[in-house]
Structures are given as structure tokens and as C-alpha cells.
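Overview (structure and organization)
Residue strings, one per chain:
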Amino acid sequence: MASISSVRGFKDILPGETPRWHHVEERARKVFSSFGVNEIRIPILEKTELFKRGIGEATDIVEKEMYTFLDRGGEYLTLRPEATASVIRAYLEHHLYAEEPLSKLYTIGPMFRRERPQKGRFRQFHQINVEFLGQDDPRIDSELIFMLIHLLHTVGLTDLSLEINSLGCPECRPAFRKVLTSFLEDKANTLCEDCRRRLSANPLRIFDCKQKGCQEAITEAPCILDHICDECGRHFKEVQKNLNLLNTSFTINRKMVRGLDYYTRTAFEVTTNALGAQNAVTGGGRYDGLTKLLGGPDIPGIGFAIGVERLISLIPEEEAATLHPDVFLAALGSEARDFCYRLSNTLRLAGLKTEMDFSDKSLKSQMKRAHKLGCRFTLIIGEKEMKEKKAQLRNMEGGEQREISLASFSDLAACFKRLIQSPS
Ligand code: HAM
């Protein structure tokens with residue numbers, strides 16, 4: 001019978017890779033705790049309507065990338081393509097706005113988009129997602145961005161570039177759309193089929209098209225930053241001032257638009273040359289009208305999402321924690337094996353990563369296994385050691401040996417702990 005493989009664009013994360021995931025998630029949780037950001041856990045499945053309304057009908061995500069199906073109950077459901085709409089849904093449904101003037105929420109988990117799989121782009125991928133809801137003070141924008149950059153540095157990323165832009169608001173954007181549409185209408189014949197359609201539905205999206213004709217068409221196109229209203233202009237200036245106060249360097253990218261329709265005012269992306277074409281490791285922005293659009297009171301918000309797969313591909317090897325065991329127990333003979341079986345599980349209860357081999361293998365092959373696993377120490381126990389209640393502990397890095405007593409499990413655990421904590 002033919003074997004069954006995973007679905008295209010859906011990736012297994014293998015045991016060799018999970019330490020890097022733990023590294024990122026642990027650091028993220030620590031940073032969030034110092035900035036007062038609390039975790040919210042939301043379902044992977046939502047009503048399709050949530051994303052249609054939240055992300056926008058004329059976006060690529062809603063038009064062609066969602067995993068949507070008709071449930072047996074006759075309702076259309078969708079595997080979430082992003083977390084913001086779901087977080088807002090939960091925030092409104094549970095009236096979290098009534099509890100705090102500013103809710104700072106994070107969630108970590110898989111998202112689903114039926115995009116063309118390629119390097120750094122998957123159909124199931126993971127995001128670390130943060131939303132600050134309740135205030136539109138520009139200091140909030142800068143603080144969120146400052147935290148994001150700090151987090152990226154904390155996990156070991158260097159060579160980052162932060163780009164910001166303002167996308168205006170419902171007051172000033174409609175007028176800009178008209179200016180942009182009339183500029184691009186003259187160039188309609190150089191636009192790709194998708195962008196010709198976008199011209200009336202969502203002309204700002206044309207800035208993001210990678211087709212050569214469309215890129216050329218927008219080179220000279222008007223930019224929204226020159227068309228935002230005074231209020232948006234003041235807000236954007238303040239965001240920049242506060243980023244400077246926090247020593248966070250940035251560049252203004254006047255051509256940056258975002259792939260989701262809910263954004264207003266501040267938009268940002270962090271890129272790195274190391275990622276090539278798929279170079280945004282994170283993106284986000286303000287979305288002041290979204291709570292109202294989703295049927296709640298009018299509450300401002302801003303957030304970002306980091307693509308975890310992309311982030312992990314950038315982390316230097318030495319930054320990631322490893323799975324290497326602390327101790328390998330090499331047992332020779334059945335009495336020693338029973339002893340080591342009990343000892344290994346006692347050491348594990350004391351928090352020591354301990355391994356042994358259950359089969360009757362030679363010392364040489366057990367030592368080979370200890371090497372392969374990358375154990376720091378090996379304790380060799382045979383008949384003689386059982387009788388004398390002492391054994392040789394070998395440091396696998398330097399090769400030096402020392403005698404230790406086998407008389408008490410708790411003394412052994414304490415001794416191992418001291419050795420493991422000391423630098424090798
Ligand atoms: P986004 O720009 O669509 O924003 O996605 C954020 C990040 O998710 C991207 O920068 C990228 O690293 C990663 N990403 C997106 N699609 C894929 C994919 N197919 N494969 C691998 N990684 C991917 C959002 O999702 C917004 N919800 C962010 C946000 C939160 N805005 C406000 N709050």
C-alpha cells in the first residue's frame with residue numbers, strides 16, 4: 001500500500017527543531033510578561049463571516065487563500081488565516097474592554113493560508129501575535145514597536161530594518177484612493193489581470209504586486225503619506241518622535257501598504273536581507289475601526305504578528321537550547337541494569353536529563369550511543385561497581401574521570417546537579 005504523506009504546504013516540526021521553537025516561545029513569553037502583555041488562547045476555527053468582514057472581501061487572503069468549508073450544520077467555517085480578527089472577536093464577546101482601559105494580549109499558534117508554498121511560505125505557519133486594545137495615543141504605537149524590536153533582538157536576530165508608514169484613516173483615505181485610481185487608470189494596460197481588478201476594488205494593494213508591469217506603474221504613483229489629513233499627520237509625527245525617544249531606528253517606507261484592509265494610520269514591517277524575497281519577518285499596524293466593523297463599540301487598537309518559521313530560520317545555531325542529556329548511565333549486567341533503571345528515573349524526577357540503554361550492549365557500543373546523544377557525563381556501572389558501591393563518572397567533553405559513591409540516590413542527584421551547573 002502506498003504511504004500517506006503530509007498535505008502540501010503543511011510541515012512537521014521534528015524533534016531536532018523543537019528546541020529552537022521553545023527558545024523563541026520562552027523568550028517571547030518573558031518579554032511579554034515585562035511589558036504586561038497577557039496570553040489569550042482562541043479557537044483555530046471561526047465563522048467565515050468574521051474574516052470576510054475583518055480582513056476585507058477584496059484582499060488576497062479572503063478572495064483566494066482561506067480554507068473554508070460548509071459545516072454539517074449548514075454554516076461556513078474557516079481555519080483562521082490570521083489571529084487579529086479572532087482576538088477582537090473574543091475581546092468583544094467577553095467584554096474585556098469593560099475590565100481594562102488598555103488590554104494587552106498575545107497569542108501564539110498556527111494560521112492557515114492557501115498560498116503557493118515556497119521558501120519561507122507555507123500553508124500552515126505559526127505566528128506570535130500581539131494586540132494592544134483601548135487607546136490611540138501614539139506612545140502606544142511606539143511602545144509596541146519598541147517591544148517587538150527588543151523581542152527580535154532577545155531571540156538573537158541582528159541586521160533588522162524597521163520600516164514604517166501611515167495609511168491614513170477613513171477621513172483621508174477615500175480621497176487618496178481617487179487620486180491613485182485616476183493615476184493608475186492611465187497605466188491600466190501595463191497592469192496584470194489581478195491589479196486591473198484591484199483598480200476599482202482595492203487600488204492600494206497594487207503597491208504590493210510583484211509583477212514587473214505593476215511595479216513599473218507604481219514607481220511614480222502618488223503616496224498616501226502625502227495625502228493624509230492633519231490629525232493622521234500629527235499622530236505619525238508623534239510616533240516617530242517617541243521611537244526616537246526609545247532609541248529605535250526606523251526608515252519611512254512611503255510605498256508600504258499592508259495585505260489586510262483593516263489598517264489605519266501607523267503600519268510597519270521588520271525585514272532582513274537574509275530572508276530574500278519573503279523578507280518580512282513581522283508586520284502590523286493600527287486598526288482603529290475594526291472593533292466597530294465587527295459589531296462592537298469603537299475601540300482603537302494596534303498589533304503585529306511575527307512569522308515564527310521565518311524567525312526561526314534566522315536564529316543563530318548557538319542561540320537555541322539543546323536536547324542533549326546531562327547523564328548517560330552505562331549498565332553492564334542485569335543487576336546493574338535494574339539499579340540504573342531505578343537511578344535514571346530518580347535522577348529525572350530531580351530534573352536531570354538522564355538516558356540509559358535497556359539492551360545487553362557492550363560498554364563500547366553504549367559509550368558510542370552516549371557520544372551520539374551528546375551527553376555531558378557517563379556513569380559506568382558493572383558488577384564490581386555494584387559490589388563496591390562506587391563508580392567512575394566520565395566527563396564526555398574532556399575525558400577525565402572521577403569516582404563517586406553509589407550509596408545514596410539523593411546524594412547522587414545532588415552531586416550531578418552540582419557538576420551540571422558548573423561550567424564544563
Ligand atoms: P501579515 O503581514 O499577513 O499580518 O503576517 C505577519 C507575518 O506572518 C508575516 O510578516 C510573515 O512573517 C508571516 N507569514 C504570513 N504568511 C505566511 C506564510 N504563508 N508562510 C509563512 N509565514 C507567513 C497579519 O497576519 C496581521 N494579523 C498582523 C497584525 C496583528 N496586525 C495587527 N495585529
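To start, this report covers the structure provided alongside it. Worth saying up front: this structure is predicted, and the values here are computed from it rather than measured.

**A short note on the overall build of the chain**
Scanning the chain for helices and strands turns up 15 helices and 16 strands. Computed over its C-alpha atoms, the radius of gyration of the chain comes to 28 Å, more than 25% above the 22 Å expected for a compact globule of 424 residues. Its C-alpha atoms put the chain at 90 × 60 × 45 Å along the principal axes. Within the chain, the fraction of its 424 residues that count as buried is 51%. Side chains of the chain give 60 positive and 58 negative charges; the mean places of these two sets differ by 4 Å.

**Topic: the site of the ligand**
Glu-82, Glu-115, Phe-122, Arg-258 and Tyr-263 are the nearest of the 27 residues found near the ligand. In the environment of the ligand, a nitrogen atom lies 3.3 Å from a nitrogen or oxygen atom belonging to the backbone of Phe-304. Here an oxygen atom of the ligand sits 3.4 Å away from a polar atom, N or O, in the main chain of Gly-307. Protein burial of the ligand: of its 670 Å² of free accessible surface, 95% is covered by the chains. Put simply, the parts of the chain that give the shell around the ligand at least two residues each are strand S6 (124–133), strand S10 (280–286) and strand S11 (301–307). The greatest single-element share of the shell around the ligand, amounting to six residues, is contributed by S10. Each residue belonging to the shell around the ligand can be placed in one class, and the counts come to ten nonpolar, ten polar and seven charged.

**Points about the pairing of strand S16 (residues 401–405)**
Taken together, the five bridges between strand S15 (residues 390–395) and S16 define a ladder with antiparallel strand orientation. Paired with Leu-393 across the bridge in S16 is Arg-402. A loop of five residues connects S15 with S16, the two strands running antiparallel in sequence, and Gly-399 in this loop sits at a positive phi of about 90°.

**With respect to the packing of helix H6 (residues 173–185) against helix H7 (residues 193–201)**
With their axes 9 Å apart at the nearest point, H6 and H7 run at an angle of 145° to one another. Crossing geometry of H6 relative to H7 is assigned as left-handed. Here H6 contributes Arg-177, Thr-181, Leu-184 and Glu-185 to the contact with H7, which in turn contributes Leu-199, Ser-200 and Ala-201. Residues that form the contact of H6 with H7 fall into these classes: three nonpolar, two polar and two charged.

**Focus on the pattern of salt bridges**
For the structure on display, the rule yields 25 salt bridges. A salt bridge links Arg-29 to Glu-39, with the nearest nitrogen and oxygen atoms 3.1 Å apart. Of the two residues, Arg-29 is situated in helix H1 (residues 18–34) and Glu-39 in strand S1 (residues 38–39); the sequence distance between them amounts to ten residues. Taking relative accessible area as the criterion, Arg-29 reaches 32% and is therefore assigned partly exposed. Given a relative accessible area of 32%, Glu-39 falls into the partly exposed group. Across the salt bridge formed by Arg-197 and Glu-63, the nearest N and O atoms sit 3.1 Å from each other. Taken together, the residues span a long stretch of sequence, with Arg-197 in helix H7 and Glu-63 in helix H3 (residues 60–65) at a distance of 134 residues.

**Side note on the sheet that holds S6**
The eight strands lie next to each other as S1-S5-S6-S11-S10-S9-S7-S8, forming an open sheet whose pairing is mixed. Sheet topology places S1 and strand S8 (251–252) at the edges, where each strand pairs with a single neighbour. Together, strand S5 (103–112), S6, strand S7 (161–166), strand S9 (264–271), S10 and S11 form the strand contacts of helix H5 (residues 138–154), whose direction differs from that of S11 by roughly 15°. Where helix H9 (residues 230–245) meets the sheet, it contacts S7, S8, S9 and S10, and its direction lies at approximately 160° from that of S7.

Reading the values: rules and limits
- Residues numbered from 1 in each chain as written.
- Predicted model: local features only at pLDDT ≥ 70, side-chain atom pairs only at ≥ 80, totals over all residues.
- Heavy atoms only, no water.
- Helix = DSSP H or I, 4+ residues; strand = E, 2+ residues; numbered from the N terminus.
- Rg over C-alpha atoms; globule rule 2.2 N^0.38 Å.
- Buried < 20%, exposed > 50% of the residue type's maximum accessible area, 1.4 Å probe, protein only.
- Lys, Arg positive; Asp, Glu negative; His and termini not counted.
- Charge placed at Lys NZ, Arg CZ, Asp CG, Glu CD.
- Near = heavy atom within 4 Å.
- Polar contact = N/O pair within 3.5 Å; in protein donor to acceptor, adjacent residues only side chain to side chain.
- Areas by Shrake-Rupley, 256 points an atom, 1.4 Å probe, with all protein chains shown as cover.
- Nonpolar A, V, L, I, M, F, W, Y, C, P; charged D, E, K, R; others polar.
- Pairing = 2+ DSSP bridges.
- Axes fitted to C-alpha atoms, helices over the stretch in contact; angles between N-to-C directions.
- Left-handed = near helix turned anticlockwise from the far one by under 90°.
- Contact = heavy atoms within 4.5 Å.
- Salt bridge = Lys/Arg side-chain N within 4 Å of Asp/Glu carboxyl O.

In short, the description is geometric, and any link to function would need to be established separately.
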